[in-house]
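Remarks on the overall topology
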Amino acid sequence: MARPFEVAEGADRVLWTSTFAFTASFAVWTIFAIIGLGIKSELGLSETQFGLLAGIPILSGSVSRIVLGVWTDKYGGRKIFAALMFISAAATYALNWADTYPKMLLAGLLVGLSGGTFSVGVPYVSRFFPREQQGLALGIFGAGNIGAAVTKFLAPMVMVAMGWRGVADVWAAGLAISAVIFLLLTKDEPRDEARAQIAREPFLSQFRVLAHAQVWRFSLYYFFVFGGFVAISLWLPHYLIEVYGLSIKTAGMLAAFYSVPASIFRIYGGSLSDRYGARAVLYWTFGVGVVCTFMLSYPPTTYIIQGINGPITFSTSMDLVPFLVIMFVLGFFMSLGKAAVFKHVPVYYPEQVGAVSGLVGMIGGLGGFLLPLAFGVLEDLIGIRTACFALLFLVVTASLIWMHVAIQGLERSAATGAATFAPSGLAAAQRGAGAIPAAAPARVAGELQAPERQAKEDYLLTDWRPEDPVFWEQTGRRIARRNLWISTYCLALAFAVWQVWSIVVARLPAVGFDFTPNQLFWLAAIPGISGATLRIFYSFLVPIFGGRLWTAVSTASLLIPAFGIGYAVQNPQTPYLVFLALALLCGFGGGNFASSVANISFFFPKKEKGRALAINSGIGNLGVSFMQLVVPIVVSMSLFGYLAGGPQTTAQGTPIWLQNAGFFWVPLVSVGVILAWFGMNDIGSAKASFTEQAVIFRRLHTWVMCWLYTGTFGTFIGVSAAFPLLTRLVFPDIDVLRFAFIGPLVGALSRAFSGGLSDRLGGERVSFWVFIVMTIATILMIVALGMQSFPFFFAMTLLLFLASGIGNASTFQMVPGIMARVVDAEPGMSAEERRHEAERESAAITGFISAIAAYGAFYIPKTLGTSIEASGTADAALYGFALFFITCAFATWYFYTGPRGLFRTTEQRA
């Protein structure tokens, strides 16, 4: 008998042999997905009759699971597993003599027992491994779901050569041989005294554990991840044939494209569940499931918009390649979720694995039976092919909501010290089964909570003291730098997506879009409006949700405009309204800056905040330059081949793949999401409600810094957005896209490397001279336009970028110093309370001023466009900008560096 922390002898051989046997069983269990098409043609079945025939093995295999699980606890898994395989093999072979529909259904009931091997294999395999390895072990065993892909890939070929009865003969022989191999290479599982006592319990008493609501919650999860997987596996060949007109052979092979990731990656899901906790894996599974099923459920639609000059019509539909890509993603995350659910079972119910896994497996299997029937009924009643995915969308949404509500209840109970996670009914059932001593209900409740609580706390920094030199050198610096570089990478992508329209709008007329210059300026300016507005909200979200979670979510949101741009630019008939909507969605990238800088400010001591924020913001700003450099390159080549669609042709006959301006960011953003989720941390002391942060609105210096940072960052981001289009209009003979990236590059690098300068000289002094330089550069830009000298104009633009970049770093460096002085003047607080309050307000102000300043991405392009449209030149707009910089210099002097300024008076008082 193996102790809880040991691997039983021969465990690896048992695991791999059981996985092989389960693969063969699963291949037989889904056999009707292929031979059912031949039977349907031979017997002339309706869609509903075909759905019942395909689902009847799933029904019997599912319903039997709960009884089989209890029998496994009572009699041992090896005997039950082998018996089921022999019975199912005989029933599969007997299909040769079934010549009527009722006989087919009867044979299908017995064939379905092969699916019951899962609820036998889970407790059988799990008992050979300690709890720390059960997730991976059950993930490997569950990967036997790949048997569905084996059937879809090979059965069509055998069916073409030998007919559907030949498939039944070959599959029956294969299952019988697998059963013999299983018996020869495996052994009975180890059984301790507790399991022996459960085996002596009356049969019905072993079902008492099923009264616990948590078991039914796990069952709903499995209804989606496994039931949905089986249902799609059965329905997908039919869907591909009907929607895309494919042959049965091609449809079967493409259906395997879904089944393989939905099976084989279950092993990886088990490993992730062991390492990070099943709960985290399920959050990802359900979150991605909601997005994928929503996209798949949207039917082909034709829109008619009543425009000024008549109706505007355009259509949306999903081609085969995007459909398969989304199915691959959905299958991948379903495979992770299947492993995560069964990671829960032996951890929470170690002595009732058979009964609990039987119920969970039964509900999941019933999903595989009921969902295909529902698919057929919905198709007959509604007449929409995508209704099947709409149903799955409802199921996964319900699973996500129930899980989140239950977890919130658990965490509230833990916070109040209640040890009641396992209801008394469960504890009584476990004590009655001899699983635990009667005196230990609180201990069991704690054990049931521990795996998930520990997984969450791995990311939470409860002891964070960056101002402590010893802590900082030994622990803090390494963690802070890791969070800084991941955040910086994600922020660079956010800036790239936010400003991608500055390049795309310059290309739209060349590929057939008939938009006016003012409309193009609006497209370049709209992301600035939405990005700035979102920053207001993003500023306060890190202390509420945590930096790790919010960075992952906000980075993932960039996928929406990236995909949208990729599809919209391929059709010149796409209405301008759609482009406006996509430009607004690009504002997700602009909003990320506020949360990013607010989050990073918590990680570093005051003496290094300026440099850290300069690196995060400066290299993050490089995303604009990188985008303006790389997008002109990627749109000139077929980067993704057939997956991204064909090229557009310019008026000069040059092919261009403008969709790559959106699609290029998809894999990079996906990497950023993964890095943020698995590599970043939350700081427990950084938690604060919106009300606690709202004190910044009463601070005069909040609004002064909004004005100053608008002068620096607003200029950087606004000129970045407007420069390509402005130069193309003012200097039409210049290929501006060759130079567009240089200005943002200069501004980003000057910000990244000038943080130390502000730390040494004082951000307020640096900011004052920055605004003087920006005023001079703007006036000289007007002179250059009057001279029609592009080199002179470009040089002054670079000077403006250089100064704004330095000013971006210096103004941010000012904020912690300002708040330290302001909070220090308030009575009734200890030194530690003042430090925490100053840090919290500094983070909130830093995010908020970045929100207000981001409106520069709107007002600068729009002001320039209006000036050109009204007077034919940009001079009026540039004079206005110069006047604004003068007011910024005066405010810096008056409030901070002058005789009555905050920094001067506190220095004198010191």
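No experiment lies behind these values; they were computed from the predicted model shown.

1. Side note on the overall build of the protein
Within the protein one finds 40 helices and six strands. Out of the 910 residues belonging to the protein, those deemed buried represent 59%. The contacts in the protein between residues at least 6 apart in sequence include a share of 83% that link residues at least 24 apart. For the protein, the computed accessible surface area is about 34100 Å², with 68% contributed by carbon and sulfur atoms.

2. Some details on the confidence of the model for the protein
Per-residue confidence for the protein gives a mean pLDDT of 76, with 81% of residues at or over 70. Counted against residues more than four places away or in other chains, residues 202–206, with its pLDDT under 50, gives nine contacts. Contacts from residues 417–456, a stretch scored under 50 in pLDDT, to residues over four places away or in other chains number 60 contacts.

3. Here we look at the nonpolar core
Grouped together as the largest cluster of nonpolar side chains are 127 residues, with contacts concentrated most on Val500, Trp501, Leu508 and Trp665. Ranked by residues supplied to this core, first place goes to helix H36 (residues 790–824) with 14 residues. Setting aside residues up to four positions removed in sequence, Leu508 forms contacts with Trp501, Phe513, Phe515, Leu520, Leu523, Val569, Phe579 and Leu658. Ile80, Phe141, Val288 and Ile407 belong to the second largest nonpolar core, which has 119 residues in total.

4. Overview of empty space enclosed by the protein
Regions of empty space are outlined by a rolling probe, equal in size to a water molecule, passed over the atoms. A complete count under the given rule lists seven cavities of 30 Å³ or more for this structure. Each pocket or cavity is described by its volume, and for the largest cavity that value is around 130 Å³. Lining the largest cavity are 16 residues; nearest its centre among them are Val719, Met781, Ile860, Leu878 and Phe881. Among the secondary structure elements, those contributing two or more residues to the lining of the largest cavity are helix H32 (700–730), helix H35 (763–787), H36, helix H38 (856–871) and helix H39 (875–897).

5. Looking at the packing of helix H22 (residues 517–538) against helix H27 (residues 587–601)
In the contact formed by H22 and H27, the axes pass within 7 Å of each other and the chain directions differ by 35 degrees. As for the relative orientation of H22 and H27, their crossing is right-handed in sense. On H27, the residues touching Pro527, Ser530, Gly531, Leu534, Arg535 and Tyr538 of H22 are Gly587, Phe588, Gly590, Gly591, Asn592, Phe593, Ala594 and Ser595. When grouped by side-chain class, the residues that make up the contact of H22 with H27 number six nonpolar, seven polar and one charged.

6. Description of the pattern of salt bridges
Inspection of every chain in the model, using the stated rule, returns six salt bridges. For Glu764, the salt bridge identified is with Arg765, shortest N-O distance 3.5 Å. According to the relative accessible area criterion, Arg765 is partly exposed, its value standing at 42%.

7. Quick notes on the packing of H22 against helix H26 (residues 576–585)
For any two helices packed against each other, the geometry is given by the interaxial angle and the distance between the axes. Look at H22 against H26: their axes get within 7 Å of each other, and the N-to-C directions meet at 30 degrees. Crossing of H22 over H26 shows right-handed handedness. Counted together, Gln519, Trp522, Leu523, Ile526, Pro527 and Ser530 of H22 and Tyr576, Phe579, Leu580, Ala583 and Leu584 of H26 form the full contact between these two elements. Residue composition of the contact of H22 with H26, by class: nine nonpolar, two polar and no charged.

8. A closer look at the packing of aromatic side chains
According to the stated counting rule, one finds 44 aromatic pairs in the structure shown. Arranged with centres 6.0 Å apart and planes meeting at 20 degrees, the rings of Phe890 and Tyr894 form a pair that is stacked. Of the two residues, Phe890 and Tyr894 are both situated in helix H39; the distance of four residues between them amounts to about one turn of the helix. Linked through ring pairs, Phe22, Phe26, Trp29, Phe141, Tyr222, Phe226 and Phe229 together constitute an aromatic cluster. Over the ring of Phe229 we find Lys338, and its NZ or CZ is 3.6 Å from the ring centre.

9. Considerations on the environment of Ile696
Secondary-structure assignment places Ile696 in the loop between helix H31 (690–693) and H32. With 123 residues separating them in the primary sequence, Ile696 and Met819 have C-alpha atoms 9.8 Å apart. Here Ile696 is in contact with Phe540, Thr702, Glu841, Ala844, Ile845 and Phe848, once residues within four sequence places are set aside.

10. Notes on a nonpolar patch on the surface
Taken together, Phe20, Phe86, Ile177, Val180, Ile181, Leu183, Leu184 and Leu185 make up a surface patch of nonpolar side chains, about 700 Å² in accessible area. For the nonpolar patch, the element with the most residues is helix H8 (residues 147–185), which contributes six residues. If you trace the backbone, Phe20 turns up in helix H1 (residues 11–29). For Phe20, a relative accessible area of 43% gives the class partly exposed.

11. Describing the environment of Lys103
The topology assignment puts Lys103 in helix H5 (residues 101–111). Judged by relative accessible area, Lys103 falls into the partly exposed class, the value being 43%. With residues up to four places along the chain from it excluded, the contact list for Lys103 reads Trp97 and Ala98.

12. Description of the side chain of Arg477
Among the secondary structure elements, Arg477 is positioned in helix H20 (residues 469–498). When neighbours within four sequence positions are excluded, Arg477 is seen to be in contact with Trp472 and Glu608.

13. A short note on helix H25 (residues 559–568)
Buried within H25 we find Pro561, Ala562, Gly564, Ile565, Gly566 and Ala568. Along its buried surface, H25 packs onto H20, helix H21 (501–507), H26, H27, helix H29 (660–663) and helix H30 (665–679).

What counts, and where the lines are drawn
- Residues numbered from 1 in each chain as written.
- Predicted model: local features only at pLDDT ≥ 70, side-chain atom pairs only at ≥ 80, totals over all residues.
- Heavy atoms only, no water.
- Helix = DSSP H or I, 4+ residues; strand = E, 2+ residues; numbered from the N terminus.
- Buried < 20%, exposed > 50% of the residue type's maximum accessible area, 1.4 Å probe, protein only.
- Contact = heavy atoms within 4.5 Å.
- Areas by Shrake-Rupley, 256 points an atom, 1.4 Å probe, with all protein chains shown as cover.
- pLDDT = per-residue confidence, 0-100.
- Core = buried A, V, L, I, M, F, W, Y, C linked by side-chain atoms within 4.5 Å.
- 1 Å grid on protein atoms, 1.4 Å probe; cavity = no way out; pocket = protein on both sides within 12 Å on 5 of 7 lines; lining within 4 Å.
- Points joined across faces, edges and corners; volume = space filled by probe spheres on them.
- Axes fitted to C-alpha atoms, helices over the stretch in contact; angles between N-to-C directions.
- Left-handed = near helix turned anticlockwise from the far one by under 90°.
- Nonpolar A, V, L, I, M, F, W, Y, C, P; charged D, E, K, R; others polar.
- Salt bridge = Lys/Arg side-chain N within 4 Å of Asp/Glu carboxyl O.
- Phe/Tyr/Trp six-rings, centres within 6.5 Å; stacked < 30°, edge-to-face > 60°.
- Lys NZ or Arg CZ within 6 Å of the ring centre and 35° of its normal.
- Patch = residues over 30% accessible without salt bridge, like charges linked within 9 Å, V, L, I, M, F, W, Y side chains within 5 Å.

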